[in-house]
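# Structural features, examined
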Amino acid sequence: MPLDIREITQKVQSESVFVAELKKELGQVIVGQEEMVDRLLVGLLARGHILLQGVPGLAKTLTIKTIASAVEAQFSRIQFTPDLLPADLTGTLIYSPQTGKFTARRGPVFANLILADEINRAPAKVQSALLEAMQERQVTIGDASYALPDPFLVLATQNPIEQEGTYPLPEAQVDRFMLKVIVDYPRKDEERVILERMTTGRIPQARAVISQKHILAAQQVVDSIYVDEKVKSYVLDIVFATRRPEEHRLEKLKPLIQYGASPRATIMLVLAAKAFAFLNGRGFVTPEDIKSIGADVLRHRIIVSYEAEAENVTSEDIIRTIFETIEVP
């Protein structure tokens, strides 16, 4: 192993000491859901927004609030409703009769961690306002633009069951989410712990164990994590297999995919894998990191065809086939 990779690994191991303490503190409140917690930490370390999808009651909101408490970050929850206006999100101009001038009053989006609860309930104008915040990390109020704080992360939730009164998210916005995480039910033994913990009248609270400054330093270390040329080629093969499956011995997938993953998927897959390697105390990315995080990066970026829908083939099935077929370096 080259010396510089060893140095990066040593730096990662020293900077990632907080991960175990942070997970332990989160475990005081959150029972199970280790995969969701890992993905939220990946988003935090890789500066990537996350879309959580799951039925109500799976602790999506509680987990996000708990992470905000444990990271000593400014937290803002926005409940999305059909009557929400862009100004309710970003802020607005307020007229002062004393000065005869307009001043900007900043909205709840000016925080480190934004919980966009039931994001698909907001109309198109609100979605476009949030899109600017997510992509440009700035907000326009009147004719002036204001930078959002750093770190800045949008963690959105979406209920897959109830579709009445919802607005499907535009593909351009869905693509801005680094990860789409499917949250599932807890195991029976985990639910017993939840039952015992949450029915005593004393809801546990997380204490702050890490500062924003430490998170920003960890993000810098994540940026320096080494990605081998073979791993980069592996990522490109995976993404291109979603666009031109016939060139990767996947001819049977061609009629099932309407649109493959965008170049943003390639970038996000590498960034997410770097953060995943950091969580595991490594200064380099392995193909296993790519496989571990790949479905969360790709599932919302592959648009299946009508033929796939008729055959009950999902993007998950397509991703699984691609990972089984593409040769691992």
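Before any of the text, the structure's been laid out above.
I will try to describe carefully the structure that is included in this document.

Right, let's talk about the overall build of the chain for a bit. The helix and strand tally for the chain stands at 14 helices and eleven strands. Projected onto its principal axes, the C-alpha coordinates of the chain cover approximately 70 × 45 × 45 Å. Per-residue burial for the chain yields a buried fraction of 50% across its 329 residues. Long-range contacts, defined as pairs at least 24 residues apart, comprise 79% of the intrachain contacts of the chain with a sequence gap of at least 6.

When glycine is set aside, most residues are seen to have a negative phi, and most peptide bonds are trans. That bond from D150 to P151 is cis: its omega, 5°, falls within 30 degrees of zero. By the secondary structure assignment, P151 is in the loop between strand 7 (144-147) and strand 8 (153-158). Unlike most non-glycine residues, R47 shows phi in positive territory, near 60°. For R47, the location among the structural elements is in the loop between helix 3 (34-46) and strand 1 (49-53). Overall, the relative accessible area of 29% leaves R47 in the partly exposed class. Residue N312 is not a glycine yet carries a positive backbone phi of 60°. Looking at N312, the relative accessible area reads 66%, which means it is exposed.

In this structure, the second largest pocket occupies an estimated 250 Å³ of space. Taken together, 13 residues line the second largest pocket, and the ones lying closest to its centre are G57, L58, A59, P186 and I194. When the residues that make up the lining of the second largest pocket are grouped by side-chain class, the tally is ten nonpolar, two polar and one charged.

Take the environment of L253 next. Here L253 shows up in the loop between helix 10 (229-243) and strand 10 (257-259). Judged by its relative accessible area of 4%, L253 falls in the buried class. For the pair L253 and E191, spaced 62 residues apart in sequence, the C-alpha separation works out to 39 Å. Among all residues touching L253, those that are not within four sequence positions of it are P245, I318, T321 and I322.

What counts as what
- Residues numbered from 1 in each chain as written.
- Predicted model: local features only at pLDDT ≥ 70, side-chain atom pairs only at ≥ 80, totals over all residues.
- Heavy atoms only, no water.
- Helix = DSSP H or I, 4+ residues; strand = E, 2+ residues; numbered from the N terminus.
- Buried < 20%, exposed > 50% of the residue type's maximum accessible area, 1.4 Å probe, protein only.
- Contact = heavy atoms within 4.5 Å.
- 1 Å grid on protein atoms, 1.4 Å probe; cavity = no way out; pocket = protein on both sides within 12 Å on 5 of 7 lines; lining within 4 Å.
- Points joined across faces, edges and corners; volume = space filled by probe spheres on them.
- Nonpolar A, V, L, I, M, F, W, Y, C, P; charged D, E, K, R; others polar.

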